[in-house]
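# Commentary on secondary and tertiary structure
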Amino acid sequence: MPRLLSSLSFRLALSYAGLFVGSLLLLFGGYYLVAIRQPIEATKVRVQREVEALTALYERRGSAALVARLQRRARLAETPKTFHAFINQGGRVVSANLPSWPAWSERRWLWLEADIFADGNEIDFDSLTLDHRFPDGARLLVGRDLNVVRERQLMMLSSGLAVIGGAVAIGLIVGLLMSRAIGRRIDRLADTARTVMAGDMATRVSVDGSGDEFDHLAQTLNAMLDRIEDSFESVRRVSDSVAHELRTPLARLQANLEDAGGGDGAQIGPVQDALAEADRLRAIFDAVMRISRIETGSLQAAMVEVDLSALLDDVADFYQPEAEAKRLVLSTFIQSGLSLRCDRNLLFQAIANLLDNALKYTPAPGEVVLSGRSGRSGTVISVQDTGPGVPAEALPRLTERFYRSDKRQEGLGLGLAFVAATARLHRSEISFHNDDGGFRVEWLLRHGGGPSRPGLTENRKTN
Amino acid sequence: MHILVVEDDKRVADHVARGLRESGHMVEIVDDGRTGLLRAVAEQFDLIVLDRMLPEMDGLKLLAVLRGTGDATPVMILSALGDVDERIRGLKAGGDDYLPKPFALSELVARVEVLGRRAPTLSEATELCCGDLAIDLLGHSVTRAGRKIDITQREFRILEYLVRNAGRVVTRSMLLEHVWDYSFDPQTNIIDQHVSRLRQKLDRDFEHSVIETVRGTGYVVRTG
């Protein structure tokens, strides 16, 4: 319900229904004033005057004169038809052509039914009656027929309610249908936007050819996506050619250095240093390129269902000798049967980077713990060490490219940038904590968080 | 071996050719894709070293056409597009191995040797022998001079790969690809540590070392 109320089209439909009901009320109100209210008021004035005259007569000449006047009034074939009843102070009905009246009433004006049978037919009369009491206790009821108006009034009341109720119901139903129809088309736009955000640049909004506003919007969006895809594509082409243009001279440099060193791995000192430097250049270059490719979505991740428990065991197993060489304990707490939709090569490299960091920064004797478990909101991978941690001001900068909190340690400053890019690609969250006596990285991969790209999963396999 | 090198960068081509000739191979160089395809079809080479980006005809296109003719000559792809992504694309197009530029010549030579001498019947053997070392592939056990040696499953796979390629140099990245089955770049010497642990277990109480280190390149198990 809140979602319905927050829907713009439904709110529009509601206000439309409100406007409709409002104008109906105005219409009924006008009709009521002209066709009901006015004749009633006119009759009231007329009856009031009659009562005033009759009262004067009664006070001046007594009840006999009043009765004579009333009877004469009743005999006149005047329209609207006249009605009266006179009850003297003793409670006796002296004269009346009203069939009945209430014995006691608080209201001055009464509607009294006064149907008359004439020639076997019933004629409906409704007398608008003034209930007047004389100071001596006698009671005088004087009225005139307003049956037509009375019927109008009753009819308007019942039909008015039905019409307004119907209008509200129709307004609501139409509003619901409209908001559904519009909502579906907006959802289509949002779905496309989400798919594109997940990295599939080729998706477009479907255009149904109706030429309406949504079709125009879809066409505009598609044109925008074309532009964005073009610029992405050109960035990719540029970085591909930069990669090519840089790698080739680097390859020559490496070749020349190998030739200068005499080959066969028996290089002399400076040449070997230069070779190592060339290799380092290539490594930086590769790492930067890989991160950009993950971030621009041009590296097409091979998302498959992966046995995460086995993968974590593999990473730990890979780093076990390194830990032993550094006299550190590398232990694992890995829940069995963990499964995750991810790119296994990227995930392996990312977790390897985390372990590599932990082993690098933890002094011996110490411990590094790799754990994986399934929590309520998703799968949590964490790497905890007994190292000195990271200065608080460095925490938010850890995933920046080329950022190194400890400049004395060698490294490219790209490891965590890679991890962060991989985490983003998997729509997961990574956080860094300085715990008591150690540093902890926690990676939360939510259930169903990975971008699903079935077209790519089917025809791509990791090797 | 008779090797065709299809590479448009003359210096890289000469460098590769010299390295391969020094290892005792016959090398022919072609500098564009179309000619490369014609030569590959016209003559039966033992191996083709193919650059990914070529004038006239793209490397992958050449490969696809070649494989389309039913030619199964082993192909090693060289590429300046050094991504895991590119690698998968190259292997899927029918390449047998993939080496990103820049590469060390020794790496290329090691891979070419292993690729060119891939023996098709090797997988049917149940036991591999090399000197005094015997590997039981079914029982996953290793004996040296009749003495049983306890090694982990991972170490077993390292040893198996080295022995299968006995006499040929195996580089660190080749080990990573075949033993760990992940494509990634550890940028550390962790492979060395795995090998050195394996070596300690194999060589305890023996004078002669089974696995030799080839400096700057990788490892080799000698046949003799």
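Residues numbered from 1 in each chain as written. Chains lettered and ligands numbered in written order. Predicted model: local features only at pLDDT ≥ 70, side-chain atom pairs only at ≥ 80, totals over all residues. Heavy atoms only, no water.

### Comments concerning the pairing of strand β1 (residues 2-6) of chain B
Here is the key point about a regular strand: its side chains alternate between the two faces of the sheet. All names here are of chain B. Most of β1 is tucked away: five of the five residues are buried. Neither face of β1 is exposed, since His2, Leu4 and Val6 on one face and Ile3 and Val5 on the opposite face are all buried. Looking at chain direction, β1 and strand β2 (residues 26-30) are connected through five bridges and run parallel. Counted as the bridge partner of Leu4 is Glu28 from β2. This β-α-β element, β1 to helix α1 (residues 10-22) to β2, shows right-handed connectivity. Relative to strand β3 (residues 47-51), β1 runs parallel, the two being bridged by four bridges. Along β3, the bridge assignment pairs Val5 with Val49. (Buried < 20%, exposed > 50% of the residue type's maximum accessible area, 1.4 Å probe, protein only. Helix = DSSP H or I, 4+ residues; strand = E, 2+ residues; numbered from the N terminus. Pairing = 2+ DSSP bridges. Right-handed = clockwise from strand over helix to strand, strands pointing away.)

### A short note on a negative patch on the surface
A grouping of Glu113(A), Glu122(A), Asp124(A) and Glu151(A) is seen on the molecular surface, where their side chains present a negatively charged patch. Among the secondary structure elements, Glu113(A) is positioned in strand β3 (residues 109-113). (Patch = residues over 30% accessible without salt bridge, like charges linked within 9 Å, V, L, I, M, F, W, Y side chains within 5 Å. Areas by Shrake-Rupley, 256 points an atom, 1.4 Å probe, with all protein chains shown as cover. Salt bridge = Lys/Arg side-chain N within 4 Å of Asp/Glu carboxyl O. Lys, Arg positive; Asp, Glu negative; His and termini not counted. Charge placed at Lys NZ, Arg CZ, Asp CG, Glu CD.)

### Points about the pattern of salt bridges
Taken as a whole and judged by the stated rule, the model has 34 salt bridges over all chains. Of the charged contacts in the structure, one is a salt bridge between Asp435(A) and Arg440(A), with a shortest N-O distance of 2.6 Å. Taking the relative accessible area as the measure of exposure, Asp435(A) reaches 25% and is therefore partly exposed. Through salt bridges with shared partners, a single ionic network connects Glu324(A), Glu155(B), Arg197(B) and Lys201(B).

### Let's talk about the environment of Met57(B)
Residues and elements named next belong to chain B. Following the sequence through the fold, Met57 ends up in the loop between β3 and α3 (59-68). Its relative accessible area of 13% is what places Met57 among the buried residues. Remark: the alpha-carbon pair of Met57 and Asp32, spanning 25 residues in sequence, is separated by 7.0 Å. Among residues more than four places away in sequence, those in contact with Met57 are Gly33, Arg34, Leu37 and Leu62. (Contact = heavy atoms within 4.5 Å.)

### Description of the sheet that holds strand β12 (residues 218-221) of chain B
All names here are of chain B. Pairing is antiparallel across the open sheet formed by three strands, whose spatial order is β10-β12-β11. With partners counted over all chains shown, the strands left at the sheet margins are β10 (170-171) and β11 (211-214), one partner each. Here β11 runs beside β12; their pairing, made up of four bridges, is antiparallel. What sits directly across from Ile211, in β12, is Val221.

### Looking at a positive patch on the surface
Residues and elements named next belong to chain A. Together, Arg60, Arg61, Arg69, Arg72 and Arg75 line one region of the surface with positive charge. Along the chain, the position of Arg75 falls in helix α2 (residues 8-75). Judged by relative accessible area, which is 63%, Arg75 ranks as exposed.

### Comments concerning the nonpolar core
Residues Trp443(A), Leu159(B) and Ile211(B) are the most contacted members of the largest nonpolar core, which totals 85 residues. Take this core: its biggest share by element is 10 residues, from helix α7 (residues 344-361) of chain A. Of all hydrophobic cores here, the second largest spans 26 residues; its members include Phe28(A), Leu54(A), Phe134(A) and Ala138(A). (Core = buried A, V, L, I, M, F, W, Y, C linked by side-chain atoms within 4.5 Å.)

### Comments concerning the confidence of the model for chain B
All names here are of chain B. In this model, chain B carries a mean pLDDT of 85, and residues with pLDDT of at least 70 account for 92%. Looking over chain B, one finds the lowest element-wise mean pLDDT in helix α4 (residues 84-92), namely 76, and the highest in β1, namely 94. Reported for the predicted complex are a pTM of 0.60 and an ipTM of 0.76. (pLDDT = per-residue confidence, 0-100.)

### Details of the sheet that holds strand β8 (residues 141-144) of chain B
All names here are of chain B. One open sheet accounts for four strands, arranged β6-β7-β8-β9; its pairing is antiparallel. In the strand order of this sheet, the two ends are held by β6 (127-130) and β9 (147-149), each with one partner. Shown here is a sheet whose adjacent strand axes are inclined to one another by a mean of 25 degrees, direction ignored. The sheet contact formed by β6 and strand β7 (residues 133-136) spans four bridges and is antiparallel. Residue pairing in the sheet places Cys129 in a bridge with Ala134 of β7. The sheet contacts of helix α6 (residues 153-164) involve β6, β7 and β8, and relative to β7 the element is tilted by about 115 degrees. Of the strands in this sheet, β7, β8 and β9 are in contact with helix α8 (residues 190-203), which crosses β8 at around 50 degrees. (Axes fitted to C-alpha atoms, helices over the stretch in contact; angles between N-to-C directions.)

### Describing the side chain of Arg154(B)
With respect to the helices and strands, the residue Arg154(B) is situated in helix α6. Since its relative accessible area comes to 12%, Arg154(B) is described here as buried. At a separation of 2.8 Å, a polar atom in the side chain of Arg154(B) contacts the side chain of Asp317(A). Reaching out from Arg154(B), the side chain makes a polar contact with the backbone oxygen of Val179(B) at a distance of 3.3 Å. (Polar contact = N/O pair within 3.5 Å; in protein donor to acceptor, adjacent residues only side chain to side chain.)

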